[in-house]
Amino acid sequence: MKELEQVFNGIVKEYSERLYWHVRRMVASHEDADDLLQEIFLKIWTALPSFRGEAQLYTWVWRIATNETLNHLRKERVRAALRMQSIDAEMERRVEGDPYFNGTEAQRELMKGLTKLPEKQRQVFVMRWWDELSYEEISAITGTSVGALKASYHIAQEKLKLNLSTLEVSK
Amino acid sequence: MTKKNDIFVPEGYFQNLEQKLSRIPQKEVRPTTLQKVSPWIAYAASLVILASVGGFIFRKAAEPVLQEEYSWDYLSYLSRSLDPDGMIELEESTELTDEDIVNFLLADNVSVELIAEANYEENY
């Protein structure tokens, strides 16, 4: 038990900050990222005894984090739909009202554009652009082929470019 | 455009976060073997109860004296036939919330759009 706790604390030390930034980009709110991160680490702790080492610890931890984040976003989308509200508008409101944002207007528009992407495209874009993971690493985490990831990233990039060029035009 | 430094966290956040996350093992006691198998025990028990209730309904329905009472719905029939306290428990335990249904559908890989559409049609 003590040994597991040591491994867990090592994971916390090694990954908590990096995973925070990933989750924060995905959910666009510090409070939500904080809550979700606790759920992710709870899941890691619960699943730790079943970690057999077939995958690298790094891949395993990231896989749990990305799956939990996607589940969270899907639930949010459904909840919003059940309330007849638009999740896109809610996400945009979060970016607009984020008290922990001090970027430029273009960066804010990029964040807004990001929240409008389908969850999986958003995930690939965040992992590649901000988390700076290689396609091979993302592939190992998500189980998606490198080719499909490149296509996803390209589409996301095009959509975001479109979003930013709209900003330039409107300025 | 630079990628970083557009978002930040409250001061000392990561230090607190690390401490908070490190307390998870103390807070979350792992389930014992009994706790792990208890869902299966509950599942088996519910099957037994269902079989008993089903058998009871079948036997009662087969009795000629009940022919005139076929217009009853099963729930009101059961509520009169069974112990009322037991019935209250059964009603409570079988109550499904929207959240339960949504979680079930998501776990069953039903698309978010389809769930939302179904909900829209149900309400309008």
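Quick caveat, the model's predicted, so the values are computed rather than measured.

Caption draft 1: Up close: the overall build of chain B. When you go through chain B residue by residue, the secondary structure sums to seven helices and zero strands. Ordered by position in the sequence, the α and β elements of chain B form the string α-α-α-α-α-α-α.

Caption draft 2: Main features of the overall build of chain A. For chain A, the helix and strand inventory stands at eight helices and zero strands. Counting from the amino terminus, chain A carries its helices and strands in the arrangement α-α-α-α-α-α-α-α. Taken across its 171 residues, chain A has 33% of its residues classed as buried. For chain A, the proportion of contacts with a sequence separation of at least 24, taken over those separated by at least 6, is 65%.

Caption draft 3: Main features of the interface of chain B and chain A. Across the contact, 21 residues belong to chain B and 27 residues belong to chain A. Contributing elements (two or more residues each) for the side of chain B that touches chain A: α1 (13–22), α2 (24–27), α6 (98–107) and α7 (112–123) of chain B. Sort the elements by how many residues they give to the side of chain B that touches chain A and α1(B) lands first, with five residues. Considered class by class, the residues forming the side of chain B that touches chain A number 14 nonpolar, two polar and five charged.

Caption draft 4: Broad picture of the packing of helix α1 (residues 2–27) of chain A against helix α6 (residues 119–130) of chain A. Residues and elements named next belong to chain A. Taken N-terminus to C-terminus, the directions of α1 and α6 make an angle of 135 degrees; their axes are 10 Å apart at the nearest point. Put simply, α1 runs oblique to α6. Crossing geometry of α1 relative to α6 is assigned as right-handed. Contacts from Trp 21, His 22, Arg 25 and Met 26 of α1 reach α6 at Arg 122, Gln 123, Val 126 and Trp 130. Taken together, the residues that form the contact of α1 with α6 break down as four nonpolar, two polar and two charged.

Caption draft 5: The nonpolar core, seen in detail. Residues and elements named next belong to chain A. Among the nonpolar cores identified, the biggest contains 36 residues, and Val 23, Leu 37, Ile 40 and Val 61 are the most heavily contacted of them. Put simply, the parts of the chain that give this core at least two residues each are α1, α2 (30–47), α3 (57–82), α5 (105–116), α6, α7 (135–142) and α8 (146–170). The leading source of residues in this core is α1, at eight residues. Aside from chain neighbours lying at most four places away, what touches Val 23 is Ala 33, Leu 36, Leu 37, Ala 65 and Thr 69.

Caption draft 6: Representation of α1(A) within the structure. Approximately 50 degrees is the largest bend angle found in α1(A), and it occurs at A:Tyr15. All buried positions along α1(A) are accounted for by A:Ile11, A:Val12, A:Tyr15, A:Leu19, A:Tyr20, A:His22, A:Val23, A:Arg24, A:Arg25, A:Met26 and A:Val27.

Caption draft 7: Summary view of α3(A). Residue and element names in this part refer to chain A. Taking 1.5 Å of rise per residue, 26 residues should cover 38 Å, and α3 covers 37 Å from first to last C-alpha, within 8% of that figure. For α3, the complete set of buried residues consists of Trp 60, Val 61, Trp 62, Ile 64, Ala 65, Thr 66, Glu 68, Thr 69, Leu 73, Arg 77, Val 78 and Ala 81. Positive phi shows up at Met 84, right after α3, with a value of about 60 degrees.

Caption draft 8: Representation of the confidence of the model for chain B. Confidence in the prediction for chain B averages 70 pLDDT; 52% of positions are at 70 or higher. Within chain B, the element-level pLDDT minimum falls on helix α5 (residues 84–93) of chain B, averaging 50, and the maximum on α1(B), averaging 96.

Caption draft 9: How the structure looks around the environment of A:Val146. Residue and element names in this part refer to chain A. In this structure, Val 146 sits in helix α8. Residue classification places Val 146 among the partly exposed residues on the basis of 13 C-beta atoms within 10 Å. Between the alpha carbons of Val 146 and Tyr 135 there is a distance of 5.8 Å; along the sequence they are eleven residues apart. With sequence-adjacent residues up to four places away left out, Val 146 is seen in contact with Tyr 135, Glu 136 and Ser 139.

Caption draft 10: Representation of unusual backbone geometry. Residues and elements named next belong to chain A. Of note in the backbone geometry, Ala 28 takes a positive phi value of approximately 60 degrees without being a glycine. One non-glycine residue, Glu 132, lies in the positive phi region at around 55 degrees. Residue position: Glu 132 is located in the loop between α6 and α7.

Caption draft 11: Here's a closer look at the environment of A:Gln123. Residue and element names in this part refer to chain A. With respect to the helices, strands and loops of the structure, Gln 123 is situated in helix α6. You can call Gln 123 buried: it has 26 C-beta atoms within 10 Å. In the structure, Gln 123 is positioned 33 residues away from Ala 156 in sequence and 9.9 Å away in space, judged by C-alpha atoms.

Caption draft 12: Spatial organisation of the packing of α3(A) against α7(A). Residue and element names in this part refer to chain A. Where α3 contacts α7, the axes come no closer than 8 Å and their chain directions differ by 65 degrees. The orientation of α3 relative to α7 falls into the category roughly perpendicular. Taken as a pair, α3 and α7 cross one another with a handedness that is right-handed. On α7, the residues that touch Thr 59, Trp 62, Arg 63 and Thr 66 of α3 are Ala 140, Ile 141 and Thr 142. Grouping the constituent residues of the contact of α3 with α7 by class yields three nonpolar, three polar and one charged.

The rules behind each value
- Residues numbered from 1 in each chain as written.
- Chains lettered and ligands numbered in written order.
- Predicted model: local features only at pLDDT ≥ 70, side-chain atom pairs only at ≥ 80, totals over all residues.
- Helix = DSSP H or I, 4+ residues; strand = E, 2+ residues; numbered from the N terminus.
- Buried ≥ 20, exposed ≤ 12 C-beta atoms within 10 Å, placed from the backbone.
- Contact = placed C-beta atoms within 7 Å.
- Nonpolar A, V, L, I, M, F, W, Y, C, P; charged D, E, K, R; others polar.
- Axes fitted to C-alpha atoms, helices over the stretch in contact; angles between N-to-C directions.
- Parallel < 35°, antiparallel > 145°, perpendicular 65-115°, else oblique.
- Left-handed = near helix turned anticlockwise from the far one by under 90°.
- Core = buried A, V, L, I, M, F, W, Y, C linked by C-beta atoms within 7 Å.
- Bend = angle between axes of the 7 residues up to and from the residue.
- Expected span 1.5 Å × (residues − 1).
- pLDDT = per-residue confidence, 0-100.

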